[in-house]
Amino acid sequence: MDYDFISLAAFTITQKAFLATIILGIASGMLGAFVVVRREALVGDALSHAVLPGVVLGCIMCHILEIDRNPWVIFTCAVLIGLLSAGTVRAIEATTRLKSDAALGIVLASFFGLGLAMQSGLKEFIDNRAGISSFIYGNTSMISDADLSAMFWTTVVLVLVVWLLIRPLLVVSFDQGFAVALGYPVKWLNFIFYTLLTFSVVVSMQAVGVILVSALLITPAATAYLLTDRLCRLMIYAVGFAVASGVIGCYGSLHVESIDIPTGPLIALTAAVIFGLVYLMAPQHGVIAKSLKVLRRRQRINRENTLKAIYKMLENDGFAHDGVGVNDLAQVRKLSQEHVKRDISRLTISKEASWDDERSGVYLTPTGWKRAVEIVRNHRLWELYLTNQADYQADHVHDDAEKIEHVIGASTVRRLERDLDFPALDPHGKPIPSVSQVMAQQGKKVAQKGATGY
C-alpha cells in the first residue's frame, strides 16, 4: 500500500474525481460555516481569486526545479499568496479610510489580474502539463494521485485544527470583543482562521476552479444557515450539502451525455439548486414556511378582531343577550356578510364560537369568551398605559392598542396591571374587564338557564 494514505492505482479516473469532490466538500463546507457566521463571504471570494498568482508561481517553481507538477509546491505557493492577499486587505483597512468591501474588491481584482498576467507573460517558464486552466475553470478528471493525496492530508489537518480550536473559533466568530475579554489571542486565532480558509480554497481549486470555488465555499454553508442556529450542526449540514453538490455535479459532468458542462460550473449550479429548494421549503426560515406563518398570524388576528367585536356588541347591550346577529356584526366590522360568515366559520373550527340554529347569529363558547376578554383587556390596559405613562392624548392611543393587543403576553399584562395599580376604567371611561369575573358571570348565567353550552 502506498504511503499516501491509500493505494490509488486501482482507482479509475471517475472514482478519483468522486473522491476528490468528497474531500473538497468536507474542507469547503466546514470552513464555509465559519465564513457565513462571521459574515465574511466576500473574503472567501477574494481569496479564491487572489491565490491564482500563487498557482502560477508554483508551476514556475516546478519548471525551475525541473520537476513534474508537484501539488505540494503549488499548494505552498498558493497558500503564501493567499495569506499575503489577506494581509494586504487588513493593511488597507488599517491605513486608509476604505472599508472592508472596497479593500477586498481592490485585492481581488489586483491579484487575479496579476495571476492572469503571469500566466500569459511567463509561458516559457510554465510546463504545458501544469494544467493551469484546470485551476481556473475546474476539472476533476485532471486530478492526479499526488493531487488527491495532497487534498486528503490538507483536509485532515484542517479538520483536526478546527476540532481542537472549535470553542475559541466559535467565540471569535460571534463576538471578538467577548473573546478578548475571555483572554483569547484573537489576532492569532484570526490568522489561523484565514490560513485554514486559504487551505480550503486551494484544496477546492482544481475541482471547481478559482472563479467558482467561492460558490462551493459559501452556498452550502448559506443553505445550512437556513436550517439551524447552532454552529456545530451548521458545519455538519454545510459539509453534507457541499459533498452532495460535488458528487451530483461530478456525476452529471462525467456520466450524463446530454450535459456538456464542465465539472466546476455544474457543481456550483447544483449547490445553487439545493439552496433554492431549501430557501423555499426550510421549516423555519423558508419562504413557504414564512408565508404560512404570516397567513396564520393574519387569520389569528382576524379571529381575535371578530371576538373583540362580538364582545363589544354584547357589552354595549349590557350583556342582556348571549349572541349577536350576523348582519349586525357585519355592520360593526364594516365587512360583507360573506366575509363575516367565513370569520365565524373559523371561530367554530377553533371552538371559540358556535352558530345558532338558523346560522343567522353567533354565540361565544367559554374559550371564545376567555380570549375575547383577554383581547379587550389588553387593548384598554395599553391605552391607559400610553396616556398615564407615555403622555399620549386619549384620542391618539387607539391605533397603537389595536396592534399591541394581539402580541402582548400574560407577563406583560400583569406588569401593566401592577404599574397602573389594577385600574378599573380605560382613558375613555370604559371598564377594563377581568377574565375571572366575566367567566364567573357567564357561568352563573349558564347555570340559571340550565344550559351546558352557548
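Whatever comes next refers back to the structure up there.
Bear in mind the structure is a predicted one, so any value in this text is a computation, not a measurement.

Engineer: Could you give an account of the overall build of the protein chain, naming the residues involved and the relevant values?
Structural biologist: The secondary structure content of the protein chain amounts to 19 helices and 3 strands. Here the protein chain holds 454 residues, and 46% of them are scored as buried. Residue pairs in contact within the protein chain that sit at least 24 positions apart in sequence constitute 69% of those at least 6 positions apart.

Engineer: Which residues make up the packing of aromatic side chains, and what values do they have?
Structural biologist: Within this structure, the stated rule accounts for 9 aromatic pairs. With 6.0 Å between their ring centres and 85° between their planes, Trp 188 and Phe 191 make a pair best called edge-to-face. One end of the pair is Trp 188 and the other is Phe 191, both in helix α10 (residues 186-225) and 3 residues apart, which spans about a single turn. Given the relative accessible area of 59%, Trp 188 is considered exposed. Through a chain of ring-to-ring contacts, the aromatic side chains of Phe 34, Phe 193 and Tyr 194 assemble into a single cluster. Positioned above the aromatic ring of Phe 193 is the side chain of Arg 38, whose terminal nitrogen or guanidinium carbon lies 4.1 Å from the ring centre. In this structure, Arg 38 is placed above the aromatic ring of Tyr 194, and the distance from its NZ or CZ to the ring centre is 5.8 Å.

Engineer: Got a sec to walk through the packing of helix α3 (residues 52-64) against helix α5 (residues 100-121)? Specific residues and values, please.
Structural biologist: Running from N to C, α3 and α5 cross one another at 30°; their axes reach a closest spacing of 7 Å. In terms of axis orientation, α3 runs roughly parallel to α5. As α3 packs across α5, the resulting crossing turns out to be left-handed. Touching Leu 52, Pro 53, Val 56, Leu 57 and Ile 60 of α3 are Phe 111, Phe 112, Leu 114, Gly 115, Leu 116, Met 118 and Gln 119, all from α5. For the contact of α3 with α5, the per-class residue count stands at 10 nonpolar, 2 polar and no charged.

Engineer: Tell me about the sheet that holds strand β3 (residues 361-364), residues and numbers included.
Structural biologist: Spatially, the 3 strands line up as an open sheet ordered β1-β3-β2, and their pairing is antiparallel. Across the chains shown, the open sheet's two edge strands, defined by having one partner strand only, are β1 (323-325) and β2 (353-355). Mean inter-strand twist for the sheet, computed between neighbouring axes without regard to direction, equals 30°. With 3 bridges connecting them, β1 and β3 associate as antiparallel partners. Each bridged residue has a counterpart across the sheet, and for Gly 325 the counterpart in β3 is Gly 361. Across the sheet, helix α13 (residues 287-316) is in contact with β1 and β3; its angle to β1 comes to roughly 100°.

Engineer: Help me get a handle on the packing of helix α16 (residues 366-389) against helix α18 (residues 410-419), residues and values and all.
Structural biologist: Their axes nearest at 10 Å, the elements α16 and α18 cross at an angle of 45°. Classified by the angle between their axes, α16 and α18 sit oblique to one another. Along this stretch, α16 crosses α18, giving a crossing that reads as left-handed. Between α16, through Arg 377, Asn 378, Leu 381, Trp 382, Tyr 385 and Gln 389, and α18, the contact on the second element is made entirely by Val 413, Leu 416, Glu 417 and Asp 419.

Engineer: Tell me about helix α15 (residues 337-349), and please be specific about residues and values.
Structural biologist: With 13 residues, α15 extends 18 Å between its outermost C-alpha atoms, agreeing within 8% with the 18 Å of an ideal straight helix rising 1.5 Å per residue. Burial in α15 covers these residues: Val 340, Asp 343, Ile 344 and Leu 347. For α15, the buried positions fall inside an angular range of 100° around the axis, keeping them on one side. Exposed residues lying more than 90 degrees from the buried face of α15 are Glu 338 and Ile 349. Check the buried side of α15 and you find it contacts α13, α14 (326-333), β2 and β3. With its phi angle positive at about 60°, Lys 351 sits one or two positions after the end of α15.

Engineer: Account for the pattern of salt bridges, naming residues and giving values.
Structural biologist: In total, this model carries 13 salt bridges according to the counting rule given. Residues Asp 343 and Arg 346 are paired through a salt bridge, measuring 3.2 Å at the closest nitrogen-oxygen approach. Here Asp 343 and its partner Arg 346 are both found in helix α15, 3 residues apart, which amounts to about one turn of the helix. Taking the relative accessible area as the measure of exposure, Asp 343 reaches 2% and is therefore buried. On the basis of relative accessible area, Arg 346 is assigned to the partly exposed category, the value being 31%.

Engineer: Give a detailed account of the environment of Asp 45, specifying residues and quantitative values.
Structural biologist: Looking at the element boundaries, Asp 45 is found in helix α2 (residues 41-50). On the basis of relative accessibility, which here comes to 22%, the residue Asp 45 falls in the partly exposed class. Along the backbone, Asp 45 and Ile 218 are 173 residues apart, and their C-alpha atoms lie at a distance of 8.7 Å. Contact partners of Asp 45, with chain neighbours within four places excluded, come to Leu 108 and Ser 214.

Parameters at a glance
- Residues numbered from 1 in each chain as written.
- Predicted model: local features only at pLDDT ≥ 70, side-chain atom pairs only at ≥ 80, totals over all residues.
- Heavy atoms only, no water.
- Helix = DSSP H or I, 4+ residues; strand = E, 2+ residues; numbered from the N terminus.
- Buried < 20%, exposed > 50% of the residue type's maximum accessible area, 1.4 Å probe, protein only.
- Contact = heavy atoms within 4.5 Å.
- Phe/Tyr/Trp six-rings, centres within 6.5 Å; stacked < 30°, edge-to-face > 60°.
- Lys NZ or Arg CZ within 6 Å of the ring centre and 35° of its normal.
- Axes fitted to C-alpha atoms, helices over the stretch in contact; angles between N-to-C directions.
- Parallel < 35°, antiparallel > 145°, perpendicular 65-115°, else oblique.
- Left-handed = near helix turned anticlockwise from the far one by under 90°.
- Nonpolar A, V, L, I, M, F, W, Y, C, P; charged D, E, K, R; others polar.
- Pairing = 2+ DSSP bridges.
- Expected span 1.5 Å × (residues − 1).
- Arc of directions from axis to C-beta.
- Salt bridge = Lys/Arg side-chain N within 4 Å of Asp/Glu carboxyl O.

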